[in-house]
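For reference, the chains in residue letters:
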Amino acid sequence: MDDSDGEDCREPPELPLEVLVYILSFLEAADRREASLVCRRWFDASQDLRFQKNVTFSFPGSGASLELIRGLSRKSRLSLKISQLDGFSVSRSLLLEVGEHLGSRVESLALPGSSITEASLLALLPRLTSLRRLDLRGLDSLFMSGAFLSREEHRVQVRSALIGLEELDLSDLRYLSDLTFSRLTGCTPHLRRLSLAGCHIAFEFDPYRGCPVGAAEDSSALLSLRNLKKLLTEQKSTLVALDISRTSITPESLRTITQVQGLVLEELCLQGCKELTDYSVEILVKHQPSLLKLDISGCTGLTSRSVEAVARGLNSLRRFSLSRDWRITEKGLAELLLVPSLRSLDLSECPHISGSEMVKGLKRPGSARAKLESLNLKSCTYIRDLAVFSLAQLLGDFLRELDLTSCVNVTDLSVCAIATYLQKLVVLRLGWCKEISDWGLLGMMQNARCEPGDEAGDKGPRFTRTFGNMGFFKPPRMPFEEQPKLVTQHDLQQSQQAGTSLLALRRLQELDLSACTKLTDSSVAQVVRHPDLQRLSLSMLPEITDASLASVGWHCRSLTSLALSHCPGISDRGVAQAVPHLQRLQHLYLSCCNKVTDRSLFLLMQHCKRLKTVDISGCKNISVTAVDLLQSQLPFLENKHKFIGGLDQAFMTD
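Attention in this report is confined to the structure presented alongside it. (Residues numbered from 1 in each chain as written. Predicted model: local features only at pLDDT ≥ 70, side-chain atom pairs only at ≥ 80, totals over all residues. Heavy atoms only, no water.)

The helix and strand tally for the protein stands at 25 helices and 28 strands. Per-residue burial over the protein gives 48% buried out of 654 residues. In the protein, the proportion of contacts linking residues at least 24 apart, taken out of those at least 6 apart, comes to 77%. When the accessible surface of the protein is summed, it comes to about 31200 Å², and 51% of that surface belongs to carbon and sulfur atoms. (Helix = DSSP H or I, 4+ residues; strand = E, 2+ residues; numbered from the N terminus. Buried < 20%, exposed > 50% of the residue type's maximum accessible area, 1.4 Å probe, protein only. Contact = heavy atoms within 4.5 Å. Areas by Shrake-Rupley, 256 points an atom, 1.4 Å probe, with all protein chains shown as cover.)

If you want it as structure tokens, here you go:
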């Protein structure tokens with residue numbers, strides 16, 4: 001009897017570590033984090049090098065982070081993002097700890113929102129011998145004096161450490177000059193990617209010396225085109241990506257850059273460069289035909305002539321952005337979609353786009369066509385159901401991301417087409433499409449509309465006598481003001497046979513239904529049931545209640561971001577039913593949900609330990625005491641928004 005009991009209690013043999021690593025490779029990052037808590041061997045398996053490639057450790061520059069830094073010394077390679085550093089002793093000590101314990105392991109370093117001193121950074125950089133990416137965006141404190149790396153011994157030390165640096169981000173530096181730029185880039189001779197977005201670059205005229213750029217020596221006050229061209233010439237053999245967005249670059253200056261002998265760019269970002277013309281794009285295409293990514297969004301001087309030039313000359317283009325180029329029309333889009341390598345197209349906020357030429361290009365027989373994986377048509381108000389239906393049919397095998405935000409003429413027919421043909425979608429954004437109703441999400445077609453007080457429907461303006469003998473015409477109702485026929489329980493029972501519902505999008509990870517004001521619990525509780533969904537927005541849906549929130553919490557347990565702002569039907573009851581299942585939640589938006597009280601915050605403290613952002617602005621029944629307690633109980637909370645009497649608590653002082 002004793003022997004048999006011993007045999008029953010014997011532990012099963014442990015799986016080899018290699019097998020555990022193989023099993024964990026099928027899980028998403030969030031699922032691997034959960035699995036790593038099971039036991040020591042599962043934790044060791046989750047730390048395999050193949051899972052550490054794109055992991056960034058982000059933490060504030062405070063004394064509480066010192067222990068974390070020492071713990072990271074067990075990692076073989078690291079990407080760090082340290083925020084809110086300053087010139088005081090705590091920040092200096094933290095950077096010294098990083099250099100001492102993690103120096104040779106750090107491959108990427110970013111210092112957002114910081115104002116560190118030159119001495120602090122110069123003490124750290126020589127220790128980062130494996131650094132591949134350095135992000136110094138917005139660090140004006142380093143360059144304000146103009147003395148950064150002015151000493152030869154400092155440049156020798158930094159160059160020996162940064163000899164292998166491949167990516168350098170110098171965006172939004174107000175005080176970057178020729179001298180400091182040359183000293184820093186002289187320590188990084190093998191750059192592949194360089195960002196100067198938002199920097200003050202003098203392309204034509206030096207206002208400090210009163211002469212054309214290039215007519216004088218290196219400036220200590222600004223960065224000039226001559227110095228940028230010098231860098232491109234020196235590092236032309238390695239540099240493949242350049243970002244000069246939000247600068248005042250002129251057509252002639254762009255021509256100078258693109259004509260650098262031997263420079264072969266693969267990525268070029270010119271976002272918000274408003275002085276560029278169609279001629280400059282034609283010159284760019286002529287001299288840099290190997291571009292894989294081109295971003296000319298916000299270049300408001302461009303027309304469809306630029307689109308035609310890109311379609312003719314960039315045969316290897318994969319990603320193309322024309323966002324906010326309001327002069328772009330349909331012309332040239334048919335030819336653009338004949339570029340077989342094109343995978344991503346951004347036409348957001350181009351008001352003249354209707355989609356007809358895109359459909360024509362994709363239907364053209366006997367030629368290769370683009371296999372788009374991402375399509376952004378945000379605020380293209382001429383997009384209608386016919387275009388969406390045709391695009392869904394033609395791109396069904398490829399499209400993974402579709403943005404139709406604020407396409408106000410899109411209706412339930414488009415939703416049915418998306419659910420039927422685009423079942424590989426990962427991201428779907430339908431915010432502010434006010435014509436979408438429960439019927440579309442459920443895959444059913446509404447045969448009748450119900451007008452309150454008039455079953456026959458709206459017959460146009462009606463004459464009324466409201467004030468004595470004075471008559472007034474009642475204006476016709478706008479389409480998005482019409483209330484759809486309510487979905488009954490009988491309709492829900494037959495929805496399985498009626499058509500394809502949003503449930504067909506099984507791979508969905510992001511869904512935006514904000515401001516689709518006709519949606520109710522009837523559809524949200526029935527179809528928003530995607531186990532892999534990570535980001536969901538249901539803001540400004542006045543008809544949904546706690547039933548929808550409870551259903552989302554039960555079925556969408558992978559959520560990291562949930563937006564429910566301006567949903568008056570959401571209360572503590574719904575929060576209580578949902579948050580026990582949303583333990584991965586990091587961002588929660590509940591602004592102007594007046595039925596939410598302190599009780600909801602206590603539930604968040606208990607169940608959602610990973611919260612980073614909580615927006616409870618305009619929630620009149622939440623107290624300052626509860627907000628302060630939430631801040632003290634959640635270690636990762638970075639942003640909280642609580643408005644009291646019209647003021648944001650973040651801006652209130654004692």
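After that view of the structure, there is still more to cover.
Looking at the element boundaries, Asp-438 is found in helix α19 (residues 438-442). Lacking a salt bridge, the buried Asp-438 has Lys-518 as its closest oppositely charged neighbour, with an N-O distance of 11 Å. Among the polar contacts listed, one links the side chain of Asp-438 to the side chain of Ser-523, at a separation of 2.5 Å. (Lys, Arg positive; Asp, Glu negative; His and termini not counted. Salt bridge = Lys/Arg side-chain N within 4 Å of Asp/Glu carboxyl O. Polar contact = N/O pair within 3.5 Å; in protein donor to acceptor, adjacent residues only side chain to side chain.)

Because the α-helix completes a turn every 3.6 residues, residues three or four places apart line up on one side. Taking burial as the measure, the eight residues of helix α10 (residues 178-185) include six buried ones, the bulk of the element. Restricting attention to buried positions, one finds in α10 the residues Asp-178, Thr-180, Phe-181, Arg-183, Leu-184 and Thr-185. For α10, the elements touching its buried residues are α8 (140-143), α9 (152-161), β5 (167-169), β6 (193-195), β10 (223-224) and α11 (225-234).

Attention now moves to the packing of aromatic side chains. Going through the model one piece at a time under the given rule, you end up with three aromatic pairs. Aromatic pair Tyr-22 and Phe-26: ring centres 5.1 Å apart, planes at 90°, arrangement edge-to-face. Of the two residues examined, Tyr-22 and Phe-26, each falls in the exposed class. The interplanar angle of 70° and the centroid separation of 5.4 Å between the aromatic rings of Phe-143 and Phe-148 together place this pair among those described as edge-to-face. You can call Phe-143 buried: its relative accessible area is 2%. With a relative accessible area of 0%, Phe-148 lands in the buried category. The residue whose ring lies beneath Arg-557 is Trp-554, and the NZ or CZ to ring-centre distance is 4.3 Å. (Phe/Tyr/Trp six-rings, centres within 6.5 Å; stacked < 30°, edge-to-face > 60°. Lys NZ or Arg CZ within 6 Å of the ring centre and 35° of its normal.)

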